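Examination of the molecular architecture
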Amino acid sequence: MAKLWKPGRIRAALQQWLGVPVGLTDSVFWKEWFGVSSSGKTVSVDAAMRLSTVWACVRLLSESVSTLPIKLYRRLPDGSREPATDHPLYRVLCRSPNIEMTPQRFMLMVVASICLRGNAFIEKKMIGNRLVALVPLLPQCMTVKRLDNGRLEYRYNERKGQREIPEKRLLHIRGFGIDGICGMLPITTGRDIFGSSMSAEEAAAKVFANGLQASGFLTVEGGAAQGAGTLTKEQRDLLRKSLEEFSSSKNAGKTMVLEAGLKYQGITMNPEDAQMLETRAFNVEEICRWFRVPPFMVGHMTKQSSWAASVEAQNLHFLTNSLRPLLVNIEQEINRGLIDVYETEQVFVEFSVEGLLRADSTGRASFYISGLTHGWINRNEVRRLENLPPIPGGELFTVQAAMVSLETLGQPVPDPEKSP
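Residues numbered from 1 in each chain as written. Predicted model: local features only at pLDDT ≥ 70, side-chain atom pairs only at ≥ 80, totals over all residues. Heavy atoms only, no water.

Counting across every chain of the model gives 14 salt bridges. Across the salt bridge formed by Glu167 and Arg151, the nearest N and O atoms sit 3.2 Å from each other. Within this pair, whereas Glu167 is found in the loop between β7 (161-165) and β8 (170-174), its partner Arg151 is found in the loop between β5 (142-146) and β6 (152-158), the two being separated by 16 residues in sequence. By relative accessible area, which is 28% here, Glu167 ends up partly exposed. For Arg289, the salt bridge goes to Glu286, with nearest N and O atoms at 2.4 Å. Here the residue Arg289 and the residue Glu286 both occupy positions in helix α11 (residues 277-291), the gap between them amounting to 3 residues, near one helical turn. Arg289 sits in the exposed class, given a relative accessible area of 51%. Glu286 gets classed as buried once you look at its relative accessible area, which sits at 17%. (Salt bridge = Lys/Arg side-chain N within 4 Å of Asp/Glu carboxyl O. Helix = DSSP H or I, 4+ residues; strand = E, 2+ residues; numbered from the N terminus. Buried < 20%, exposed > 50% of the residue type's maximum accessible area, 1.4 Å probe, protein only.)

Written out as structure tokens, the structure reads:
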């Protein structure tokens, strides 16, 4: 316990909270920084991010979502939709959420907060009744409490002290949770899983730090009865000091000189056992389960045969099982918290998941061909999607039957012999 209360650990923890005032009763702070796993490792968000699998999973989810275009649409009377570029929310959400962030950076921080801390808090900056900016807040500095009247109270700790944010001025996107107030913290809930992975990584690192070349033991000629096989304390200290010149990986390959009847006997160690490859590989899969990420998406290529073979099928699997729950959660919360009640039937927000096909030219071509041959997309719309200028006549919709325009369907074909 004394190890947990070292001044250096307290100071490092405070620095990770970016100078935010922390009181003795701030349970969230102490729970995160002094929650010890069964393996004995102190698991925090900062410590878990040092694991390559956690880093890769969080980056994959946050960067994948942040690169998908988010668009504001307006429903038309005929059931179709069009971009609501004239809506006040369009500029804030799709162009510049605040003076410092692009939409990609904004959404990346939101998704990373959900993945690591189970919640994302976005403050709505208003001028009168007009929304002018969206500012993401640090979830570790927010305290949420259910009041007696049923409303939620939000208190945010910052450098100037604590302030209360009205519920109507805050967009709270929750991750997986069961109390309806806040999402559960994955790092805290899975403390034992992340702690065991941290212990395995530390153990593997120490094997190489101590050096495999000096793994063995020394024997002294002579029997114990004559006392020839016994070293004095001074001799042992001198021997250990001498052996330090041959330990650690930087001294690997040096020639060891033995004297006074000493004999060195090496211990054979299987490299796979030394690195605990199976244990570390299993930890990769365990962490991927917590983030709902297919292991092959973070470079874990074992058991590849159990996954889809084509890139398009892998992207579809990732979109359906990993990204879709996140996308729907964010879309619905934005529609609920940023769009006025009287506009909810006409205006809505949606991610454009077609962006996942941008890297697959074959899949993109098949998508366009299907639209052109079935008449639900025209050539200029395709060219706009490909950032190409329109062409004359490209607004016509065609179908596969001789590629005629939709306006001529059902009309009698003129007889060439009767034409003047």
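Here the narrative resumes.
Despite not being glycine, Arg292 shows a phi value in the positive range, around 55 degrees. Note on placement: Arg292 falls in the loop between α11 and α12 (311-338). Exposure remark for Arg292: the relative accessible area of 49% places this residue in the partly exposed category.

A few words on the sheet that holds strand β11 (residues 347-351). The strand order β2-β1-β11 describes an open sheet built from 3 strands, whose pairing is antiparallel. Only two strands of the sheet have a single neighbouring strand rather than two, namely β2 (81-83) and β11. Here the average twist between neighbouring strands, direction ignored, is 40 degrees. For strand β1 (residues 70-75) and β11, the ladder comprises 5 bridges, and the chain directions are antiparallel. Counted as the bridge partner of Tyr73 is Phe348 from β11. (Pairing = 2+ DSSP bridges. Axes fitted to C-alpha atoms, helices over the stretch in contact; angles between N-to-C directions.)

Moving on, we come to the layout of surface pockets. In this model, the second largest pocket occupies a volume close to 760 Å³. Along the wall of the second largest pocket there are 28 residues; nearest its centre are Lys124, Met126, Gly337, Leu338 and Asp340. Of all the elements in the fold, those that place two or more residues in the lining of the second largest pocket are α5 (88-94), β3 (119-127), β4 (130-137), β6, β8 and α12. Ranked by the residues each element gives to the lining of the second largest pocket, the list is headed by β8, at 4 residues. (1 Å grid on protein atoms, 1.4 Å probe; cavity = no way out; pocket = protein on both sides within 12 Å on 5 of 7 lines; lining within 4 Å. Points joined across faces, edges and corners; volume = space filled by probe spheres on them.)

So, about the confidence of the model for the protein. Looking at the protein, pLDDT values average 77 and 68% of them are 70 or higher. Ranking the helices and strands of the protein by mean pLDDT puts helix α6 (residues 103-117) first, with 94, and helix α1 (residues 7-16) last, with 48. Counted against residues more than four places away or in other chains, residues 14-25, with its pLDDT under 50, gives 24 contacts. In this model residues 223-227 is a low-confidence stretch, pLDDT under 50, and it forms 2 contacts with partners more than four residues away in sequence or in other chains. (pLDDT = per-residue confidence, 0-100. Contact = heavy atoms within 4.5 Å.)

Given a rise of 1.5 Å per residue, 15 residues ought to cover 21 Å, and the 21 Å separating the end C-alpha atoms of helix α4 (residues 52-66) matches this to within 8%. Those residues of α4 lying buried are Thr53, Val54, Cys57, Val58, Leu60, Leu61, Ser62, Ser64, Val65 and Ser66. (Expected span 1.5 Å × (residues − 1).)

Two faces, one strand: in a regular strand the side chains alternate between the faces of the sheet. As defined by bridge partners, β6 adjoins β7 across 5 bridges and the pair is classed as antiparallel. Residue pairing across strands places Tyr156 opposite Arg163, the latter belonging to β7. In sequence, β6 turns back onto β7 through a hairpin of 2 residues.

What follows deals with α6. Helix length check: α6 (15 residues) gives 21 Å between terminal C-alpha atoms against 21 Å at 1.5 Å per residue, within 8%. Buried residues of α6: Phe106, Met107, Val110, Val111, Ala112, Ser113, Ile114, Cys115, Leu116 and Arg117, and no others. Directly after α6, the chain includes Gly118, whose backbone phi takes a positive value near 80 degrees.

The subject of this paragraph is the side chain of His172. Mapped onto the fold, His172 is located in strand β8. A polar side-chain atom of His172 sits 2.9 Å from a polar atom in the side chain of Asn119. For His172, the side chain forms a polar contact with the side chain of Arg174, separated by 3.3 Å. Apart from the residues lying within four places of it in its own chain, the contact partners of His172 are Asn119, Ala120, Phe121, Tyr154, Ile181, Cys182 and Glu333. (Polar contact = N/O pair within 3.5 Å; in protein donor to acceptor, adjacent residues only side chain to side chain.)

So, on to the sheet that holds β4. The strand order across the open sheet formed by 3 strands is β4-β3-β8, and the pairing between neighbours is antiparallel. If you trace the sheet from one side to the other, it starts and ends with β4 and β8, each paired once. Averaged over all adjacent pairs, the angle separating strand axes in this sheet is 25 degrees, with direction ignored. Packing of α6 onto the sheet brings it into contact with β3, β4 and β8, and relative to β3 it is tilted by some 140 degrees.

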